[in-house]
Amino acid sequence: MPRPEVALGGGRLLVSQSQTPGGRVTVVARDLQQITASGSVKVGTARQISAVEPIMLDEQPPSSGQVEVSGDYVLTADSQNGFMLRVGDRPAINLAPADPELTRIRQSGRYSLAGGVVYRPAPGNQVREVFRTSTDSTDLFGSKVSWVTASGQVKTLELNPGYGIRPAPKPEVLAARGGAGPIAVSAHVTAWLDTNNVVHLSEGYGSKDRLIRGTRATELQLDGGLLSWANVRGEVGLLDISDPDAKPRRSVLQAPYAVDNGLIAGMDQTGKVRVRALPFLPSRPLLISSDVKPFFSKGTIWRPQFDFAGPVLNAKLRITGGRQVRVIRGRAPHGSLNGLRWNGTGSNGKYLGPGCYHWTLAGTVSTVRGARPFKLGAYVSTDVEGGESGGCGGSS
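Residues numbered from 1 in each chain as written. Predicted model: local features only at pLDDT ≥ 70, side-chain atom pairs only at ≥ 80, totals over all residues. Heavy atoms only, no water.

Notes on the overall build of the protein chain
Then, number 1: A tally of regular secondary structure across the protein chain gives zero helices and 35 strands.
Then, number 2: Within the protein chain, the fraction of its 396 residues that count as buried is 52%.
Then, number 3: Split by element, the accessible area of the protein chain, about 18500 Å² in all, is 47% carbon and sulfur. (Helix = DSSP H or I, 4+ residues; strand = E, 2+ residues; numbered from the N terminus. Buried < 20%, exposed > 50% of the residue type's maximum accessible area, 1.4 Å probe, protein only. Areas by Shrake-Rupley, 256 points an atom, 1.4 Å probe, with all protein chains shown as cover.)

Written out as structure tokens, the structure reads:
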């Protein structure tokens, strides 16, 4: 019987599973509801996302395909359809593999990793390729990608350094040799395994690596301040890397597993998929990725987009130009805040004219582990002489 695969993200648990060997696989989603006194997490009713074919590997039992989720974005891989990306209720997008030998997938915010290629959304329910690593030893956190080359170099690159920054920065080399994979990346740390089975935690910019020994890892995951790994027996280890004195712990759940926002999903001793709260709550960024242009023209619409680590139900975008001129509200049940729109008009519906305007986005990211407020801000210009930046200030 193909084993189930699991994913966590945006307040949802996704499971791919098959009822018969070699049979069609169903991917279902369940909302995460609440944590019980025992630490288990109650989940809602299953809703079918898609049906895929199982992946037959040289392992027993075979995998039922791969599934990844972040916000509204669901990425799957199977032997029949290849890589498929679904954004909300839109039709699935087929991501043709560059190399059929590369099978790893990863979804982080609006960025998709499939077979050594990184994609991001494009207009018309399309995607565009933004980078190739040509290796399965690759991981994403939003627009940040880290990978291990065939020669053992460990590299990292920010794919979205900001509008007006050209050319794009070159990759930073975290290690000149010795990388063996697997690899994992978060906002500020890259974790990678060397040829001596030692896990390195690299922050880059010449900082000294922190070394973690004895994991026997075949898989690595980073979720903010949480490093986790699975070994050949399917055992899952956990380490709070924000605490320099923390010791590794072993989860009661086994691989296949996923971690997100202080939760872990995996297999219990009976082979059922369970979700539990971690014994500690690691720190992690609330914002995964964003796409915010700092300029637009009269007659067009400014469409800032944000990908948060959990549901956002009360977002408020305030736009000021010496005074408050517009308030726009939005919500994102799974964390993909894509519905904010501004056409340069005030609350009276009249065009405000060329100028620099300051925007502030505030709200709360809600998860079963609690609610956390956020506040972002920067400037946007409209029809300002002086090019794209318009002479406006930076982030605030």
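What follows picks up the thread again.
Looking at the pairing of strand E13 (residues 126–132)
Then, number 1: The sheet contact formed by strand E12 (residues 117–122) and E13 spans six bridges and is antiparallel. Residue pairing across strands places Val 117 opposite Arg 132, the latter belonging to E13.
Then, number 2: The loop that links E12 with its antiparallel partner E13 comprises three residues; one of these, Gly 124, has a positive phi angle of about 75 degrees. (Pairing = 2+ DSSP bridges.)

Some words on the confidence of the model for the protein chain
Then, number 1: When pLDDT is averaged across the protein chain, the result is 87; 88% of the residues are at 70 or more.
Then, number 2: Counted against residues more than four places away or in other chains, residues 385–390, with its pLDDT under 50, gives eight contacts. (pLDDT = per-residue confidence, 0-100. Contact = heavy atoms within 4.5 Å.)

Section: the packing of aromatic side chains
Then, number 1: Applying the stated criterion across every chain yields a total of eight aromatic pairs.
Then, number 2: In textbook terms, an aromatic cluster arises when at least three aromatic residues are bridged by ring pairs, as seen for Phe 296, Trp 302, Phe 306, Phe 308, Trp 342, Tyr 357, Trp 359 and Phe 374. (Phe/Tyr/Trp six-rings, centres within 6.5 Å; stacked < 30°, edge-to-face > 60°.)

Some thoughts on the pattern of salt bridges
Then, number 1: Tallied over the full model, the rule gives twelve salt bridges.
Then, number 2: Put simply, Asp 307 and Arg 110 hold a salt bridge, and the shortest N to O gap is 2.7 Å. In this pair, Asp 307 sits in strand E30 (residues 305–308) while Arg 110 sits in the loop between strand E10 (105–108) and strand E11 (111–114), placing the two residues 197 residues apart along the sequence. Take Asp 307 and Arg 110: they sit in the same class, and that class is buried.
Then, number 3: With its nearest N and O atoms 3.2 Å apart, the salt bridge here joins Arg 250 to Glu 235. Of the two residues, Arg 250 is situated in strand E25 (residues 249–260) and Glu 235 in strand E24 (residues 235–240); the sequence distance between them amounts to 15 residues.
Then, number 4: Residues participating in the shared-partner salt-bridge network are Glu 68, Arg 104, Arg 106 and Asp 139. (Salt bridge = Lys/Arg side-chain N within 4 Å of Asp/Glu carboxyl O.)

With respect to the sheet that holds strand E31 (residues 312–320)
Pairing between the strands of a sheet is mediated by backbone hydrogen bonds and can be parallel or antiparallel.
Then, number 1: The five strands lie next to each other as E29-E35-E34-E31-E32, forming an open sheet whose pairing is mixed. Either end of the sheet is taken by a strand with one partner, and the two such strands are strand E29 (295–296) and strand E32 (324–332).
Then, number 2: By the bridge criterion, 13 bridges tie strand E34 (residues 355–367) to strand E35 (residues 370–382) in an arrangement that is antiparallel. Across the sheet, His 358 pairs through a bridge with Tyr 379, a residue of E35.

Digging into the sheet that holds strand E8 (residues 82–87)
Then, number 1: If you trace the four strands from one edge of the open sheet to the other, you get E6-E7-E8-E9, paired in antiparallel fashion. Edge positions in the open sheet fall to strand E6 (66–70) and strand E9 (93–95), since each of these has one partner strand only. Between one strand axis and the next, the sheet turns by 20 degrees as a mean value, whatever way the strands run. (Axes fitted to C-alpha atoms, helices over the stretch in contact; angles between N-to-C directions.)

Focus: the pairing of E24
Then, number 1: Counting buried positions along E24 gives six out of six residues, so the element sits mostly inside the fold.
Then, number 2: Residue alternation in E24 divides its side chains into two sets, Glu 235, Gly 237 and Leu 239 and Val 236, Leu 238 and Asp 240, and both sets are buried.
Then, number 3: The sheet contact formed by strand E23 (residues 226–231) and E24 spans five bridges and is antiparallel. Paired with Ser 228 across the two strands is Leu 238, which belongs to E24.
Then, number 4: If you look at the hairpin formed by E23 and E24, you'll find three residues sitting between the two strands, and Gly 234 has a positive phi there, around 85 degrees.
Then, number 5: Bridge count for E24 against E25 is three bridges, and the pairing is antiparallel. Following the sheet pairing, Glu 235 is matched in E25 by Gln 254.

What to know about the nonpolar core
Then, number 1: Judged by nonpolar contacts, the single largest core of 23 residues is most densely connected at Trp 302, Phe 308, Ile 319, Trp 359 and Leu 361.
Then, number 2: Those elements giving two or more residues to this core turn out to be E30, E31, E32, E34 and E35. (Core = buried A, V, L, I, M, F, W, Y, C linked by side-chain atoms within 4.5 Å.)

Here we look at unusual backbone geometry
Then, number 1: Following Gly 181, the chain continues to Pro 182 via a peptide bond in cis, the omega torsion being 0 degrees.
Then, number 2: Tracing the backbone through its elements, the reader meets Pro 182 in strand E18 (residues 179–185).
Then, number 3: Put simply, Ala 255 and Pro 256 share a cis peptide bond, and its omega is 0 degrees.
Then, number 4: Its place among the elements puts Pro 256 in strand E25.
Then, number 5: Here the phi dihedral of Asn 197 falls at roughly 65 degrees; this positive angle occurs in a residue that is not glycine.
Then, number 6: Following the sequence through the fold, Asn 197 ends up in the loop between strand E19 (190–194) and strand E20 (199–202).
Then, number 7: On the accessibility criterion, Asn 197 (47% relative accessible area) is partly exposed.
Then, number 8: One non-glycine residue, Arg 216, lies in the positive phi region at around 50 degrees.

Points about the side chain of Thr 135
Then, number 1: Examined against the element boundaries, Thr 135 turns out to sit in the loop between E13 and strand E14 (138–141).
Then, number 2: Ignoring any residue separated from it by four or fewer positions in sequence, one finds Thr 135 in contact with Leu 102, Gly 116, Trp 147 and Val 148.

Some details on the environment of Ala 46
Then, number 1: Along the polypeptide, Ala 46 turns up in the loop between strand E4 (41–43) and strand E5 (47–52).
Then, number 2: Here the alpha-carbon distance between Ala 46 and Asp 31, two residues 15 residues apart in the chain, equals 8.1 Å.
Then, number 3: Residue contacts for Ala 46: discarding those within four places in its chain leaves Val 28, Ala 29 and Arg 30.

A few points about the side chain of Thr 345
Then, number 1: Relative to the helices and strands, Thr 345 resides in the loop between strand E33 (336–337) and E34.
Then, number 2: Leave out the neighbours within four places in its chain, and Thr 345 touches Arg 326, Lys 350, Tyr 351 and Leu 352.

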